[in-house]
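Structural characterization, general
As a plain string of letters, each chain reads:
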Protein chains: 2
Amino acid sequence: MKHNARLRLENERGAMPRPSRWNEIIEAAAEAFRTNGFAATSLEDIASAVGMWKGSLYHYINSKEDLLFAVVRGPAEEILNQLRELSDTDLPPTEKIRRATRSHVQILNSNFVYASVYLQEIAGRRKLPEWTAMDREYLNLLESIVREGVDSGEFSAVTNPRVATLALIGSLNWLTHWYRPGGSLHADEIADQFCDLFLGGLITRKTKAPRSQTITPIKTTKPRARRTA
Amino acid sequence: MKHNARLRLENERGAMPRPSRWNEIIEAAAEAFRTNGFAATSLEDIASAVGMWKGSLYHYINSKEDLLFAVVRGPAEEILNQLRELSDTDLPPTEKIRRATRSHVQILNSNFVYASVYLQEIAGRRKLPEWTAMDREYLNLLESIVREGVDSGEFSAVTNPRVATLALIGSLNWLTHWYRPGGSLHADEIADQFCDLFLGGLITRKTKAPRSQTITPIKTTKPRARRTA
């Protein structure tokens, strides 16, 4: 999280904010938003969670909205940026869908509280044009990959690429309702099952690709044994 | 919506509530909860939306929670009951998944505002044991169908039936973030695309079932032409 314009401003003015507490504040804000919802969380709640007076919070932010944006911007931009990079590659659509799914699950896993707040408080609520634009770009990029697969004949089960794309996004984002990092289900296992399910459904029988063993990870991750049913 | 214990109580006491306004009140409550969230909606907002004083609302309810439960109980119970009935049939797992998907989409479509409030305010938030039990029963019933398909060899792409089930539920519930009744996408079309996507993914190549034309609807609905890609 590098989104602390107010903090930078205070520093330029020679005020004495405590930058070391910024991470602590947004972690507390994220946890409070996720647990109680944005509307039901007060700045007093957040101040109290980090042992501050509410007034001291105003050294860091102007409003509760500032905290929400600070909380959600990181993972939202990361998910979008990874999909932008992936879209620019020449990988086959099947591989792009697999990597996009893994990347989405990995970012949710690594930023679980923050991403949950984004999905519960912002996505689909059209709060600000900036977020709507990010949501729309993500959807359009993923839909373009699905359309590539339809055009190339790889994906034959798709009658409506937008609906198919929204089905995938829905499965991924709904993770915030049931997944818990560190639980018995590993993020990679979930991503693999989602990929198998979606790709198995998207791919024609004839061109059905082999499963995960063909995949090289987008980032360095340790290889894992493939479970069989 | 038949959940107005307070109203019944008032009637028994000989008070003079206006039962004709009950539907109007819960419609206004549902709309307010969906638009602004439960926490950010006040009883004054709801009273004002139906042109009442807040005090008059207490002829109908004891608290804002009463309104939330009244709003969400109907579609929540309907979705669960339809899945219970379906689970008790001898239909093949493929057909059960197809019918469950259609039923879920149809109920979301017919009760959109109410179902959205349930999914955004209650599902996964563990508000009350009653709702948690309903969520868990729905998940377990659908997972049992997936397991039936795995055991019978119909569904071969499933390494983890629970994750596969949650992927389907996620796609369905995420509809509340993007679908709008009366928009350009028909509920049946969405249900069909979801089914094709999920079943195509679940079914082995060898036993891959023919698509929608084999399906008889669970309730009387007008037949519709099948789109082809």
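Since we're looking at a predicted model, the values are computed, not measured. (Residues numbered from 1 in each chain as written. Chains lettered and ligands numbered in written order. Predicted model: local features only at pLDDT ≥ 70, side-chain atom pairs only at ≥ 80, totals over all residues. Heavy atoms only, no water.)

**Some remarks on the overall build of chain A**
- Across its full length, chain A carries 10 helices and 0 strands.
- In chain A, the succession of α and β elements from N to C terminus is α-α-α-α-α-α-α-α-α-α.
- For chain A, buried positions account for 55% of its 229 residues.
- For chain A, contacts bridging at least 24 residues in sequence account for 72% of all contacts bridging at least 6.
- Counting every atom, chain A has about 10,500 Å² of accessible surface; 51% of that belongs to carbon and sulfur. (Helix = DSSP H or I, 4+ residues; strand = E, 2+ residues; numbered from the N terminus. Buried < 20%, exposed > 50% of the residue type's maximum accessible area, 1.4 Å probe, protein only. Contact = heavy atoms within 4.5 Å. Areas by Shrake-Rupley, 256 points an atom, 1.4 Å probe, with all protein chains shown as cover.)

**Observations regarding the pattern of salt bridges**
- All told, the structure shown has 21 salt bridges over all chains when counted by the stated rule.
- Between Glu143 of chain A and Arg162 of chain A there is a salt bridge, with its nearest N and O atoms 2.6 Å apart. Here the residue Glu143 of chain A occupies a position in helix α8 (residues 129-152), and Arg162 of chain A occupies one in helix α9 (residues 161-178), the gap between them amounting to 19 residues.
- A relative accessible area of 6% means that Glu143 of chain A is categorised as buried.
- Between Asp192 of chain B and Arg102 of chain B there is a salt bridge, with the nearest N and O atoms lying 2.8 Å from each other. Placement of the pair is Asp192 of chain B in helix α10 (residues 187-202) and Arg102 of chain B in helix α6 (residues 93-110), with a sequence separation of 90 residues. (Salt bridge = Lys/Arg side-chain N within 4 Å of Asp/Glu carboxyl O.)

**Side note on the domain arrangement of chain A**
Residues and elements named next belong to chain A.
- What the domain assignment reports for chain A is domain 1 (20-61) and domain 2 (69-204).
- Just the C-alpha atoms count here: the centres of domain 1 and domain 2 sit 29 Å apart.
- Each partner contributes to the roughly 800 Å² buried at the junction of domain 1 and domain 2, and carbon and sulfur atoms together form 70% of this total.
- Sorting the residues of domain 1 by area buried against domain 2 places Ile26, Ala30 and Arg34 first, and these three jointly supply 59% of that buried surface.
- The interface formed by domain 1 and domain 2 includes 0 salt bridges.
- Taken together, domain 1 and domain 2 are joined by 0 residue pairs in polar contact (both at pLDDT 80 or more). (Domains from an automatic or database assignment. Buried area = accessible area lost by both parts, 1.4 Å probe. Polar contact = N/O pair within 3.5 Å; in protein donor to acceptor, adjacent residues only side chain to side chain.)

**Remarks on the layout of surface pockets**
- In this model, the largest pocket occupies a volume close to 760 Å³.
- In this structure, the largest pocket is lined by 31 residues; those nearest its centre are Asp135, Arg136, Leu139 and Leu166 of chain A together with Trp178 of chain B.
- For the lining of the largest pocket, the secondary structure elements donating two or more residues are α5 (64-87), α6 (93-110), α7 (112-121), α8 and α9 of chain A together with α9 (161-178) of chain B.
- Counting residues per element, the lining of the largest pocket draws most heavily on α8 of chain A, at 6 residues.
- When the residues that make up the lining of the largest pocket are grouped by side-chain class, the tally is 19 nonpolar, 7 polar and 5 charged. (1 Å grid on protein atoms, 1.4 Å probe; cavity = no way out; pocket = protein on both sides within 12 Å on 5 of 7 lines; lining within 4 Å. Points joined across faces, edges and corners; volume = space filled by probe spheres on them. Nonpolar A, V, L, I, M, F, W, Y, C, P; charged D, E, K, R; others polar.)

**Some words on α9 of chain B**
- The terminal C-alpha atoms of α9 of chain B, which comprises 18 residues, lie 26 Å apart, in line with the 26 Å expected from a rise of 1.5 Å per residue.
- Two or three places before Arg162 of chain B, at the start of α9 of chain B, stands the capping residue Asn160 of chain B, its side-chain oxygen 3.1 Å from that residue's backbone nitrogen. (Expected span 1.5 Å × (residues − 1).)

**A few points about the packing of aromatic side chains**
Residue and element names in this part refer to chain A.
- Overall, the coordinates contain 7 aromatic pairs over all chains when judged by the stated rule.
- For the pair Trp22 and Tyr60, a centre-to-centre distance of 6.3 Å together with 10° between the ring planes defines the contact as stacked. Of this pair, Trp22 sits in helix α2 (residues 22-36) while Tyr60 sits in the loop between α4 (54-57) and α5, placing them 38 residues apart in sequence. The same class applies to Trp22 as to Tyr60, namely buried. (Phe/Tyr/Trp six-rings, centres within 6.5 Å; stacked < 30°, edge-to-face > 60°.)

**Looking at the confidence of the model for chain A**
All names here are of chain A.
- Counting all residues, the mean pLDDT for chain A is 78, and 76% of those residues have values of 70 or more.
- Across residues 1-18, where pLDDT falls below 50, the model places 29 contacts with residues more than four positions away in sequence or in other chains.
- Every residue in residues 204-229 scores below 50 in pLDDT, and together they form 42 contacts with partners more than four places removed in sequence or on other chains.
- Confidence metrics for the complex model read pTM 0.74 and ipTM 0.73. (pLDDT = per-residue confidence, 0-100.)

**What to know about the environment of Thr41 of chain A**
Residues and elements named next belong to chain A.
- Positionally, Thr41 belongs in the loop between α2 and α3 (43-49).
- Among all residues touching Thr41, those that are not within four sequence positions of it are Ala32, Phe33, Asn36, Ile46 and Lys64.
- At 3.3 Å, the side chain of Thr41 forms a polar contact with the backbone oxygen of Ala32.

**Let's talk about the packing of α6 of chain B against helix α8 (residues 129-152) of chain B**
All names here are of chain B.
- At a minimum axis separation of 9 Å, α6 and α8 run at an interaxial angle of 155°. The orientation of α6 with respect to α8, classified from their angle, is roughly antiparallel. Viewed along their axes, α6 and α8 form a crossing whose handedness is left-handed. Listed contacts from α8 to Pro93, Lys96, Ile97, Ala100 and His104 of α6 are Tyr138, Leu142, Ile145, Val146, Glu148, Gly149 and Ser152.
- Taken together, the residues that form the contact of α6 with α8 break down as 7 nonpolar, 3 polar and 2 charged. (Axes fitted to C-alpha atoms, helices over the stretch in contact; angles between N-to-C directions. Parallel < 35°, antiparallel > 145°, perpendicular 65-115°, else oblique. Left-handed = near helix turned anticlockwise from the far one by under 90°.)

**Some remarks on the environment of Lys54 of chain A**
Residue and element names in this part refer to chain A.
- Relative to the assigned elements, Lys54 resides in helix α4.
- Overall, Lys54 belongs to the partly exposed group, its relative accessible area being 32%.
- For the pair Lys54 and Leu43, spaced 11 residues apart in sequence, the C-alpha to C-alpha distance is 6.3 Å.
- Filtering out sequence-adjacent residues up to four positions away, Lys54 remains in contact with Leu43, Glu44 and Ala47.
- In terms of polar contacts, Lys54 uses its side chain to reach the side chain of Glu44, at 3.3 Å.

**Concerning the side chain of Ser103 of chain B**
- Examined against the element boundaries, Ser103 of chain B turns out to sit in helix α6.
- A relative accessible area of 5% places Ser103 of chain B in the buried class.

**Structural notes on the packing of α9 of chain A against α9 of chain B**
- In contact at an axis separation of 6 Å, α9 of chain A and α9 of chain B are set at 105° when each is read in the N-to-C sense. Taken together, α9 of chain A and α9 of chain B sit at an angle that is classed as roughly perpendicular. Contacts from Val163, Leu166, Ala167, Leu168, Ile169, Gly170, Ser171, Asn173, Trp174 and Trp178 of chain A in α9 of chain A reach Val163, Leu166, Ala167, Leu168, Ile169, Gly170, Ser171, Asn173, Trp174 and Trp178 of chain B in α9 of chain B.
- Its residues assigned to classes, the contact of α9 of chain A with α9 of chain B comprises 14 nonpolar, 6 polar and no charged.

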